[in-house]
Amino acid sequence: MLKLFQLLKERLKKVEYNNFYPLFFTIVFILILIQYSFSTLDAIFYDLWIKFDLGPKSKDQIVLVYQNEESDEFLGEIYPYTYATHYRVVEKILKDKPLGLNYLVQLLEPESKAEKEYFDNFKSVLDKFKKEKGLVLFGTEMDAWGEQLPPQELRSLSYSLSSINVDSSIFAKDDISRRAILNFSGEDSLHLISANFLRHQRGLPPRDASAYWGNYYNKEADATFVLYRFFDNPNESKGKVISLPIHSVFSTPDDFFKDKLVIIGPKYLSNSSDFVLTPFKNESEKAPKLNVHANIIESLAQDKTIFQIPDFATDMLAILLSVVLSYIISHVRPTRGLMITVAIMLVIFIISFTLFSSFGLWLRLSHLILSVFVVYYIWVPFRAIGEYQTRFAIEEEAKLLKQVDNLKRNFISLMSHDLKTPVAKIAGIADILAVQYQNTPEQAKLIHNIVNSTKELNGFISSILDLTKVESQNLSLKLVAKDVNILIENVVELLRYEATENEIEVSLHLGPLYPINVDVELIRRVLSNLIENAIKYSGKGSKVEIATKDDDTWVYIEIKDNGIGIAQDDLEHIFKKFYRVQNDSKHRIKGSGLGLYLVKYFIELHQGEILVESKPGAGTKFVVKLRNK
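The rules behind each value
Residues numbered from 1 in each chain as written. Predicted model: local features only at pLDDT ≥ 70, side-chain atom pairs only at ≥ 80, totals over all residues. Heavy atoms only, no water. Helix = DSSP H or I, 4+ residues; strand = E, 2+ residues; numbered from the N terminus. Buried < 20%, exposed > 50% of the residue type's maximum accessible area, 1.4 Å probe, protein only. Lys, Arg positive; Asp, Glu negative; His and termini not counted. Salt bridge = Lys/Arg side-chain N within 4 Å of Asp/Glu carboxyl O. Polar contact = N/O pair within 3.5 Å; in protein donor to acceptor, adjacent residues only side chain to side chain. Contact = heavy atoms within 4.5 Å. Pairing = 2+ DSSP bridges. Axes fitted to C-alpha atoms, helices over the stretch in contact; angles between N-to-C directions. Core = buried A, V, L, I, M, F, W, Y, C linked by side-chain atoms within 4.5 Å. Patch = residues over 30% accessible without salt bridge, like charges linked within 9 Å, V, L, I, M, F, W, Y side chains within 5 Å. Areas by Shrake-Rupley, 256 points an atom, 1.4 Å probe, with all protein chains shown as cover. pLDDT = per-residue confidence, 0-100. Phe/Tyr/Trp six-rings, centres within 6.5 Å; stacked < 30°, edge-to-face > 60°. Lys NZ or Arg CZ within 6 Å of the ring centre and 35° of its normal.

## Examining the side chain of Asp 561
With respect to the secondary-structure elements, Asp 561 resides in strand S20 (residues 554-561). Within the buried core, Asp 561 has no salt-bridge partner, and the shortest N-O distance to an opposite charge, that of Lys 560, equals 9.3 Å. A distance of 2.9 Å separates a polar side-chain atom of Asp 561 from the backbone nitrogen of Gly 563. When near neighbours in sequence (up to four residues on either side) are disregarded, Asp 561 contacts Ala 534, Ser 538, Lys 543, Val 544, Ala 618, Gly 619 and Thr 620.

Next comes the structure, spelled out in structure tokens:
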């Protein structure tokens with residue numbers, strides 16, 4: 001137990017607590033954030049999902065008959081019309097045998113004997129239709145004086161509350177209709193009764209208010225509510241539900257209303273109470289209440305209502321999301337972090353819409369979306385500070401490395417220059433010993449070895465000096481017009497003795513060339529290195545072929561041997577600094593590993609190219625391309 005405690009203590013010492021400060025601030029902000037409601041933001045997304053909802057579909061069983069200014073003028077009536085007109089309208093509709101009739105007109109008591117006669121006829125046809133198991137419901141509204149009931153004698157036909165609820169005191173408080181009243185003071189609403197009647201006609205069992213998905217009871221209102229869904233755009237210019245003015249009822253064909261639920265009510269442009277805001281509308285485009293009634297009834301009939309996921313679940317998800325996103329942003333590059341943040345936002349939207357449209361689940365997005373923004377705008381500054389500190393440290397380290405590199409190059413350059421003098425003296429002394437003194441064969445051989453070794457050492461020093469010039473970028477071209485063939489012949493002549501000693505035939509196939517602008521010394525170095533390598537690695541009794549040709553763009557120099565070749569794995573690295581091919585000849589053939597690196601650099605300095613082809617045991621071919629200008 002003591003060892004475990006010590007181990008835990010040691011690990012805690014290694015923890016960098018500075019990394020936890022952003023996470024601490026993030027969680028604190030999220031905990032504060034979820035204490036507040038952002039209903040306006042939630043309403044934006046809720047209304048957007050409603051507009052694109054794929055849930056309820058129209059069954060074409062509801063027909064709207066409305067009273068408006070046009071009907072008033074055509075019939076010579078004023079709202080709510082005489083019972084004579086209502087009697088004729090109802091008689092024509094009921095003749096087609098509809099499923100039911102919802103009357104949302106606020107009818108008055110008859111004021112005359114003649115009006116009373118039509119009133120009795122109106123009630124009589126409705127009584128008969130109801131006894132034949134048809135639905136007859138009068139809709140009532142609530143005002144400051146209570147429920148507005150139909151005339152006394154019509155109440156026996158059944159009446160129920162038909163008010164459309166708007167979010168005036170809850171949620172977004174924007175007077176938009178999103179909730180339906182299922183039950184008021186223990187009595188089912190007109191919408192619920194009508195929906196159950198449609199369900200019965202479709203062979204579905206009835207549902208009470210408490211059985212609907214997402215219902216809730218409000219004690220203060222003494223009513224049960226539910227979020228409903230739209231099967232149709234309530235905007236009459238875009239909607240698909242059948243609707244017609246009341247005076248057009250008389251011109252409809254036979255059976256026009258057969259097996260339909262007919263809703264009769266007012267739709268006066270001059271009366272704002274006949275219209276209501278919906279998720280599809282803005283303040284200047286309210287929807288007729290008749291269309292909204294139809295949507296509520298169909299939504300309940302299809303059992304397509306909305307269940308709001310509890311706030312505590314959303315809050316826990318917001319905290320979890322903030323922790324996960326904090327980890328991601330703290331471990332990836334800022335640009336990738338931004339892309340991941342945007343992707344998470346899109347995923348949240350997609351999941352929320354899928355839950356809404358497919359399962360009727362409403363996930364309040366405000367806390368989730370704001371949590372993402374809080375995490376991003378807390379972590380990005382902390383990450384930027386960390387990036388700045390890292391960048392500053394890298395810049396300081398780069399400065400130090402540059403100073404060290406400059407010191408290294410200066411040291412190598414000085415040492416190389418200082419080494420050239422004693423090497424030249426050794427070479428001079430060896431030459432004097434060889435020429436001016438009578439040497440035995442063994443002494444002559446030793447002097448010859450000294451001369452060769454000084455040449456080899458001088459080559460190493462020259463390579464290092466060239467490398468120093470390359471790295472310090474102090475190397476500049478001294479261009480002159482020169483025939484490349486002449487340079488090749490000069491280099492071959494200098495290497496003739498070495499080739500003869502190794503019994504190697506050097507074959508020249510030089511095509512006619514025009515002089516081109518080159519740095520003679522550098523190109524001579526390039527040719528010397530490539531031809532000397534071909535001789536070194538060819539082996540005794542082999543052949544080295546050198547060919548030249550040109551076209552309008554390039555002068556081509558091809559150097560080919562039939563020696564040991566180069567493995568494919570090595571071909572990718574032969575032009576790198578200090579790289580030497582791993583084979584048996586490495587140990588007997590001396591080299592610095594800088595030759596091909598400098599060759600490539602000198603050629604590219606001339607805006608040229610170098611290509612190589614090789615296979616083990618099949619020889620190697622280098623092709624140098626120089627600009628033909």
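## Observations regarding the sheet that holds strand S21 (residues 609-614)
If you trace the five strands from one edge of the open sheet to the other, you get S17-S19-S20-S22-S21, paired in mixed fashion. Unpaired on one side and paired on the other, strand S17 (505-510) and S21 mark the two borders of the sheet. Sheet twist, expressed as the mean angle between neighbouring strand axes with direction ignored, is 15°. Direction of pairing for S20 relative to strand S22 (residues 620-627): antiparallel, over a ladder of eight bridges. Considered in S22, the bridge of Tyr 556 is made with Lys 625. Against the sheet, helix H15 (residues 520-538) touches S17, strand S19 (543-550), S20, S21 and S22, its axis set at about 20° to S20.

## Topic: the nonpolar core
With 58 residues, the main nonpolar core has Ile 348 and Leu 365 as its most contacted residues. In terms of residue count, helix H8 (residues 289-301) provides more of this core than any other element does, seven residues in total. Residues Leu 495, Ile 504, Leu 571 and Phe 622 belong to the second largest nonpolar core, which totals 41 residues.

## Focus: the environment of Ile 30
For Ile 30, the location among the structural elements is in helix H2 (residues 21-33). On the basis of relative accessibility, which here comes to 0%, the residue Ile 30 falls in the buried class. Along the chain, Ile 30 and His 367 lie 337 residues apart, while their C-alpha atoms are 8.4 Å from each other. Residue contacts for Ile 30: discarding those within four places in its chain leaves Ala 318, Ile 319, Ser 322, Ser 371 and Val 374.

## What about a nonpolar patch on the surface?
A cluster of nonpolar side chains, Tyr 21, Phe 24, Phe 25, Val 28, Phe 29, Ile 32, Tyr 36 and Phe 382, forms an exposed patch at the surface whose accessible area comes to about 810 Å². With six residues, the top contributor of residues to the nonpolar patch is H2. Take Phe 29: its relative accessible area is 45%, and that puts it in the partly exposed class.

## Remarks on the environment of Ile 450
Take Ile 450: it is sitting in helix H12 (residues 441-472). C-alpha of Ile 450 to C-alpha of Ile 426: the two residues are 24 residues apart in sequence and 8.0 Å apart in space. Beyond its immediate sequence surroundings of up to four residues, Ile 450 is in contact with Ile 426 and Ala 430.

## What about unusual backbone geometry?
Here the amide bond leading from Tyr 79 into Pro 80 is cis, since omega sits at 10°, within 30 degrees of zero. Following the sequence through the fold, Pro 80 ends up in the loop between helix H4 (69-75) and helix H5 (83-95). The phi angle at Glu 503 is positive, at roughly 55°, despite the residue not being glycine. Of note, Glu 503 is situated in the loop between helix H14 (496-501) and S17.

## With respect to the pattern of salt bridges
When charged atoms on two side chains of opposite charge get close, those side chains can pair. Tallied over the entire structure, the rule returns 17 salt bridges. In this structure, Asp 167 engages Arg 178 in a salt bridge whose closest nitrogen and oxygen atoms are separated by 2.9 Å. Within this pair, whereas Asp 167 is found in the loop between strand S5 (159-161) and strand S6 (179-184), its partner Arg 178 is found in the loop between S5 and S6, the two being separated by eleven residues in sequence. Accessibility expressed as a relative area gives 0% for Asp 167, which makes it buried. Look at Arg 178 and you get buried, because its relative accessible area is 1%. Taken together, the salt bridges that share partners define one network made up of Asp 47, Asp 167, Asp 174, Arg 178 and Arg 179.

## Points about the confidence of the model for the protein
Confidence in the prediction of the protein, expressed as mean pLDDT, is 84, and 86% of residues score 70 or more. A low-confidence stretch, residues 584-589 stays under pLDDT 50, and its non-local contacts, those more than four residues away or across chains, total seven contacts.

## Quick notes on the packing of aromatic side chains
For any pair of aromatic rings, the description rests on two quantities: the centre-to-centre distance and the angle between the ring planes. Following the criterion strictly, the structure yields 22 aromatic pairs and no others. Ring centres of Phe 373 and Tyr 377 lie 6.4 Å apart, and the angle between their planes is 10°; this geometry places the pair in the stacked category. With Phe 373 and Tyr 377 both in helix H11 (residues 366-436), this residue pair falls four residues apart, about one helical turn. A relative accessible area of 57% means that Tyr 377 is categorised as exposed. Relative to Tyr 377, the ring of Tyr 376 lies with its centre 5.5 Å away and its plane at 90°, an arrangement referred to as edge-to-face. Among the residues examined, Tyr 376 registers a relative accessible area of 16% and is labelled buried. Among the aromatic residues, ring-to-ring pairing joins Tyr 83, Tyr 103, Phe 119, Phe 122 and Phe 138 into one connected group. Seen from the ring of Phe 356, Arg 229 lies directly overhead, with NZ or CZ sitting 5.8 Å from the centre.

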